Structures are given as structure tokens and as C-alpha cells.
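Inside the fold
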Amino acid sequence: MAKLVLFLADGTTLDIPLARERVTIGRRADNDVCLPNLAVSGEHAAVVTILADSFLEDLGSTNGTLVNGSAIAKHFLRDRDEIDVGRHKLVYCVDDDAVLAPVVDRSALRAAAGDLGQQVEAAKPVARAKKSSGAARAKRADASASRAGAVAPPAKTPTPPAAVGPPMQPASRSLASVKLLSGPGAGKTIPITKDQTTIGRAGVQVALIDQSGRKFRLKPVEGDAAPLLNGESTPEQGVQLKAGDIIEIAGIRLEFALPSPL
């Protein structure tokens, strides 16, 4: 699973797994990643993830969103892309095990905050930081506890980490899935947990896997050509998927697997 690494004002970093199809970033408390700073718009930007691909989109922010120093409207994210949102820096990582060294200049952050007439507060992430072992885990736990005490959300709008991401499925339920056969994520298996799951690449070619009970149907959504199913073009009305079907979309091949019998 890909993630964003947020550099905090105290010199530490915080991992934000991209566990949802759409993760919003902004100053308002109802964003998935809340950055309480006047340089950040109420709803500033969003990261949309489809299978192994993630896209960053500026949502008409006042100060703009930068990737590697350049302003963007919509950007296909690549590993280690540096994102600037207001006075905050985030780095996109394809590997959720990646560890980035804190490189934030704390004095520069304080100066930037002074320009805005307010203190730079710790961000409120929607996702838990990834656990690690040993002294590093203990150090991060202490830092997280300190930040939580400094920026506690109002009682009427709590945002517990347990609410992040899609609802957990009962242990007894098996899920259908697609396995990436090519591309950067080759070998990765992705469970289908929703009634409707989009696959492909936004702006290039997108299809929908529609689930009804234990039946799954592939339907074309976007693109000059329909995705291929076992080498044949998918009709507009869609076609029912079977175990072992090979889907070709946006230059990526996937294998569909049905849930095992209950």
C-alpha cells in the first residue's frame, strides 16, 4: 500500500497510508489529513488511488499545490515525489515500509508560521502511523502522544484512527480479488471489498467491477477503447467475470479470482 510521509514541525515524520480511494488534505477538521495553518485552504488537495496508481489533484486552493517545486492541477504521483501544501511538506512513497529521515528545518517552519501570525500545529492524520519495533517504535509512540495532547480534536467531532479506511470484513467472509500480473505492482493481490470497485488509470482507461451477491461484472467506464477480457473487448453493458479471467486495462494485466465457497 502506498503512503504519504508528512514532515511535522517538531522534526519528526508521520506515515499516512493511502487506505482509501480518495484522501483529502486541507485546513478544515473534516479532511482526512487536517493541516491547521492559514496557508492551507479549507479543502486544499486530494489523493485518488486506483489499484497501484495514485493521483494528486489541487482543489482550487488559494496558494496552490506544488510537486517537486512546480505548481500542479492534477499529477500522476511517482515514488518519492515531494508535495508542498501551504507550509507543509509531504513525500509520496510507493512502499509502505519506506523510512524517510526527518530533514525539516524547524527554524524555517517557525519563521513561516510567524509570517502568518499563528503557530504551526501538528497535523491530524486520518490514519495510524505504521508500527515498527524496538527503540524507534517507542520514540515514535512518545512523539505521537505528545502531538495528540497538543492538538486534541473537539469532543463533538472525534476522529479515532479506527474509523480510517474501508470497514473491516467479518473474518468468515472470503473476498474476490484481482492480482496484478504486470506493471510496478506485479504480483500484488488486491481484495475487492466494495459493491463497486474502479480499476485502471484515471484519464486513460477506467473500468468498473460491479458486485451483486457473489456475482461480479466488468463494465467499461472511461477511455477511447474498452478494456480487454481474455483478449476480447468488453461490451458497453458489461460481462460477468469468472475465476481466472484476465483483464487488460491501461497497459496492465490483472487476473480475477472469485471468493472461495463459504
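Nothing here was measured: the structure is a model prediction, and the numbers come from that model. (Residues numbered from 1 in each chain as written. Predicted model: local features only at pLDDT ≥ 70, side-chain atom pairs only at ≥ 80, totals over all residues. Heavy atoms only, no water.)

1. Things to note about the overall build of the protein
Definition in use: Secondary structure elements follow DSSP: runs of H or I of four or more residues count as helices, runs of E of two or more count as strands, with numbering from the N terminus. To sort residues, take the accessible area from a 1.4 Å probe on protein chains only and compare it with the maximum for the residue type: under 20% means buried, over 50% means exposed, and anything in between is partly exposed. Two residues qualify as a contact provided that any one of their heavy atoms is within 4.5 Å of a heavy atom in the partner residue. Calculation of accessible area relied on Shrake-Rupley with a 1.4 Å probe; when residues are assessed, cover is drawn exclusively from the protein chains displayed.
Of regular secondary structure, the protein possesses 2 helices and 21 strands. Considering the protein as a whole, with its 262 residues, one finds that 39% of them fall into the buried category. Of the contacts formed within the protein by residues at least 6 apart in sequence, a portion of 44% connects residues at least 24 apart. Total accessible area computed for the protein in this model is approximately 13,900 Å², and 52% of it derives from carbon and sulfur atoms.

2. A look at the sheet that holds strand 16 (residues 215-222)
Filter applied, for reference: Here, strands pair whenever DSSP counts at least two bridges between them.
The antiparallel open sheet is built from 4 strands, whose spatial order is 14-15-16-19. Where the open sheet ends on each side, the last strands, each with one partner, are strand 14 (196-201) and strand 19 (239-240).

3. Some thoughts on the side chain of Asp32
Heads up, the rule is: Think of a polar contact as two N or O atoms within 3.5 Å of one another; within protein, one of them needs to be a possible hydrogen donor and the other a possible acceptor, and neighboring residues in sequence only count if both atoms come from side chains.
Looking at the secondary structure, you find Asp32 in the loop between strand 3 (22-26) and strand 4 (33-34). Polar side-chain contacts of Asp32 include one of 2.7 Å to the side chain of Arg20. Side-chain polar atoms of Asp32 contact the backbone nitrogen of Thr24, separated by 2.9 Å.

4. Details of the confidence of the model for the protein
Rule in force here: pLDDT runs from 0 to 100 and stands for how confident the predictor is about each residue.
Chain-level statistics for the protein give a pLDDT mean of 76 and a share of 71% at 70 or above. Predicted confidence is poor over residues 145-173, with pLDDT under 50, and the contacts of this stretch with residues over four places away or in other chains come to 24 contacts.

5. So, the sheet that holds strand 12 (residues 177-180)
The strand order across the open sheet formed by 6 strands is 13-12-21-20-17-18, and the pairing between neighbours is antiparallel. Only two strands of the sheet have a single neighbouring strand rather than two, namely strand 13 (189-191) and strand 18 (232-233). Inspection of the sheet shows strand 17 (residues 228-229) paired to strand 20 (residues 246-249) by 2 bridges, in the antiparallel sense. Bridge pairing in strand 20 links Leu229 to Ile247.

6. Side note on the pairing of strand 21 (residues 252-257)
With burial as the criterion, only one face of strand 21 is covered, namely that bearing Ile252, Leu254 and Phe256; the residues Arg253, Glu255 and Ala257 on the opposite face remain uncovered. Pairing of strand 12 with strand 21 involves 4 bridges; the strand directions are antiparallel. Note that in strand 21 the partner of Lys179 across the bridge is Glu255. Direction of pairing for strand 20 relative to strand 21: antiparallel, over a ladder of 4 bridges. Bridging from a neighbouring strand, Ile247 pairs with Leu254 of strand 21. The turn linking strand 20 back onto strand 21 is made up of 2 residues, and Ala250 within it adopts a positive phi angle of 50 degrees.

7. With respect to the nonpolar core
Side chains that are nonpolar tend, in soluble globular proteins, to be buried together. Which entries qualify depends on this criterion: Nine residue types can take part in a nonpolar core, namely buried Ala, Val, Leu, Ile, Met, Phe, Trp, Tyr and Cys, and a core is a set of them joined through side-chain atoms within 4.5 Å.
The biggest cluster of nonpolar side chains holds 22 residues, and the ones touching the most others in it are Leu4, Leu56 and Ile83. Elements represented by at least two residues in this core include exactly strand 1 (3-7), strand 2 (13-17), strand 3, strand 5 (45-50), strand 10 (82-85) and strand 11 (88-93). Among the nonpolar cores identified, the runner-up in size contains 18 residues, and Val178, Leu180, Phe216 and Leu241 belong to it.

8. A few points about the packing of aromatic side chains
To keep things clear, this is the line we draw: Stacked, edge-to-face and tilted are the three classes for Phe, Tyr and Trp ring pairs, Trp counted by its six-membered ring, which pair at centre distances within 6.5 Å; planes under 30 degrees apart are stacked, over 60 edge-to-face, the rest tilted.
Taken as a whole and judged by the stated rule, the model has 2 aromatic pairs. Aromatic pair Phe55 and Phe76: ring centres 5.4 Å apart, planes at 50 degrees, arrangement tilted. On the criterion of sequence distance, the pair formed by Phe55 in strand 6 (residues 53-58) and Phe76 in strand 9 (residues 74-76) is long-range, its members being 21 residues apart. Judged by relative accessible area, Phe76 falls into the partly exposed class, the value being 26%.

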